[in-house]
Amino acid sequence: MKLSSLTAAGLLAGSAAAGIAAAAALRHHPLPSALLIRGVFAGAGKVPVKTILPHIPRFTVTGHRGLHYLGSADKPSLDLFLPDDPSRRPLPVVMWIHGGAWISGSKEDVAPYLKVLAGYGYAVIGVGYSVSPKAVYPAAVKELNSALGFIRDHADRYGLDPNRVVLAGDSAGAQLAAQLALLITQPEYARETGVKPAAAPGQLCGIILNCGVFDLDSVARLPGPIGWGLRKALWSYTGSKDWAATAAAAHMSILDHVDRRFPPTYISSGNGDDLTLTQSVPLADRLSELGVPLVSRFWPKDYKPALGHEYQFQLHRPEAMESLHE
């Protein structure tokens, strides 16, 4: 179709106006940016079911889906996966927090991986929580703390051992898991954050941190699309464009708060993950300096093939299976 010069000019003007409006929206409100990057971050955290199944043993696991740990059907729920072996109960509990840059993701994304963990003899909980911009900090932290209370309150019903709990998370979920660990092990940190922990330090046996975000000072300087996306997500999550100056950001920066009371830790991230050298490696180094029992798994920068963000879910790869067994 041939356009007249007047029509073409009108279309170009309209496109320019739309572009200007979009740019203004991105500058003045976190929602457009959050929606834009939601798909990017959420996609990395989805476990590829078809590639997992041929590479894992056959386990018999019972799932209890959509349990209303917040007491209401219109609020986030949790999933509980139990190995079908009643003789081993009460079972140690792994509570897994999904990633998604605090603005996306779901417990359903990681459910296939959690079933695998349950098959090794653990009660595994996948926790859903409110994401921003609908909910801002510390709503998710408070909800996840309530999930810890669910373990205590429903231990007899499901054969759980509330005195043997491991926190776990991937990406932003690793940051949230680490923050819960700080709440449990540091009373002063819990008071500052305004959360009464639902578990005692002696009940927390360890923590699993995959591909997380732990140093918000470095996020403020992180170049490229990943840095831009995380900064927009933190604007949305903290509720402030000047997120780096907020009390929320100060509380979230795990590297600034860890001490020797932190639980035994497994931490890993891929050599092809842009966050590894600024987030996971510095936290591992700090925990080692403090004398916290630590297992870390990293690869040389030139390792081939490069292992990207959330590599641990790619169980068709030997490195992911190695991480699972560790």
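What counts and what doesn't
Residues numbered from 1 in each chain as written. Predicted model: local features only at pLDDT ≥ 70, side-chain atom pairs only at ≥ 80, totals over all residues. Heavy atoms only, no water. Helix = DSSP H or I, 4+ residues; strand = E, 2+ residues; numbered from the N terminus. Buried < 20%, exposed > 50% of the residue type's maximum accessible area, 1.4 Å probe, protein only. Contact = heavy atoms within 4.5 Å. Areas by Shrake-Rupley, 256 points an atom, 1.4 Å probe, with all protein chains shown as cover. Polar contact = N/O pair within 3.5 Å; in protein donor to acceptor, adjacent residues only side chain to side chain. Core = buried A, V, L, I, M, F, W, Y, C linked by side-chain atoms within 4.5 Å. Pairing = 2+ DSSP bridges. Expected span 1.5 Å × (residues − 1). Axes fitted to C-alpha atoms, helices over the stretch in contact; angles between N-to-C directions. Phe/Tyr/Trp six-rings, centres within 6.5 Å; stacked < 30°, edge-to-face > 60°.

Mind showing me how you'd approach the overall build of the chain here?
From N to C terminus, the chain includes 13 helices and eight strands. Across the 326 residues of the chain, 51% fall into the buried class. Across the chain, every contact between residues at least 6 apart in sequence was considered, and the portion connecting residues at least 24 apart equals 75%. Surface accessibility of the chain: about 14,400 Å² in total, with carbon and sulfur atoms responsible for 58%.

Just checking my understanding: could you explain the side chain of Asp-170 for this structure?
Looking at the element boundaries, Asp-170 is found in strand 5 (residues 160–170). Polar side-chain contacts of Asp-170 include one of 3.2 Å to the backbone nitrogen of Gly-99. Each residue touching Asp-170, except ones within four places of it in the same chain, is listed here: Trp-96, Ile-97, His-98, Gly-99, Val-110, Asn-210, Glu-310, Gln-312 and Phe-313.

How should the nonpolar core be read in this particular structure?
Among the nonpolar cores identified, the biggest contains 71 residues, and Met-95, Trp-102, Leu-148, Leu-160, Leu-167, Leu-209 and Phe-262 are the most heavily contacted of them. Ranked by the residues each element gives to this core, the list is headed by helix 7 (residues 172–185), at 10 residues. Ignoring sequence-local partners within four residues, the contact set of Leu-148 consists of Met-95, Val-165, Leu-167, Leu-180, Ile-184, Ala-198 and Ala-199. One finds Phe-81, Ala-168, Leu-315 and Met-321 within the second-largest nonpolar core, a separate group that totals 19 residues.

Teacher, can you tell me more about the pairing of strand 2 (residues 78–83) here?
In the case of a regular strand, side chains alternate between the two sheet surfaces. Of all six residues that make up strand 2, six are buried, and the element is covered over most of its length. A two-sided burial pattern is seen for strand 2, the buried positions comprising Leu-78, Leu-80 and Leu-82 on one face and Asp-79, Phe-81 and Pro-83 on the other. Note: strand 1 (residues 61–67) against strand 2, five bridges, orientation antiparallel. Across the sheet, the residue bridging to Gly-63 is Phe-81, located in strand 2. Sheet topology note: the strand 2/strand 4 (residues 123–127) ladder contains four bridges and is antiparallel. Along strand 4, the bridge assignment pairs Asp-79 with Gly-126.

Even after reading the chapter, I still don't get helix 5 (residues 139–153), so can you show me in this structure?
Owing to its 3.6 residues per turn, the α-helix brings residues three or four apart onto one side. Here helix 5 spans 21 Å end to end across 15 residues, near enough to the 21 Å set by a 1.5 Å rise per residue. Listed in full, the buried residues belonging to helix 5 are Ala-140, Val-141, Glu-143, Leu-144, Asn-145, Ala-147, Leu-148, Gly-149, Phe-150 and Ile-151.

Looking at this model, I keep getting lost on unusual backbone geometry. Mind explaining?
As a rule of thumb, non-glycine residues mostly have phi less than zero, and peptide bonds are mostly trans rather than cis. Between Ser-132 and the following residue, Pro-133, the backbone shows a cis peptide bond with an omega angle of 5°. Among the structural elements, Pro-133 can be located in the loop between strand 4 and helix 5. A cis amide bond links Tyr-137 with the next residue in sequence, Pro-138, at an omega value of 5°. Its place among the elements puts Pro-138 in the loop between strand 4 and helix 5. In this structure, Glu-310 is a non-glycine residue whose phi angle is positive, near 65°.

Help me understand the sheet that holds strand 5 in this model?
Pairing is mixed across the open sheet formed by eight strands, whose spatial order is 1-2-4-3-5-6-7-8. Pairing within the sheet leaves two strands with one partner each, and these edge strands are strand 1 and strand 8 (294–297). Strand-to-strand twist in this sheet, taken as the mean axis angle between neighbours without regard to direction, amounts to 15°.

For this particular structure, what's the right way to read helix 7?
Under the 1.5 Å per step criterion, the end-to-end length of helix 7 is 20 Å for 14 residues, consistent within 8% with the ideal 20 Å. When you tally the buried positions in helix 7, you get 14 out of 14 residues, the bulk of the element.

What exactly am I supposed to notice about the packing of aromatic side chains here?
When we look at a pair of aromatic rings, we describe it by the centre distance and by the angle of the planes. Summed over the entire model, instances satisfying the criterion amount to eight aromatic pairs. Plain terms: the ring middles of Trp-102 and Tyr-237 are 5.7 Å apart, the flat faces sit at 15° to each other, and that makes the pair stacked. With Trp-102 in the loop between strand 3 (91–97) and helix 4 (107–119) and Tyr-237 in helix 10 (residues 224–238), this pair connects stretches of sequence that are 135 residues apart. As far as the burial class goes, Trp-102 and Tyr-237 line up, both buried. Ring plane angle 70° and centroid distance 5.0 Å describe the contact between Tyr-113 and Phe-313, whose orientation is recorded as edge-to-face. Placement of Tyr-113 in helix 4 and of Phe-313 in the loop between strand 8 and helix 13 (318–325) is noted, with a sequence separation of 200 residues between them. For Tyr-113, a relative accessible area of 4% corresponds to the buried category. Given the relative accessible area of 0%, Phe-313 is considered buried.

Nothing here speaks to function; it is all geometry.
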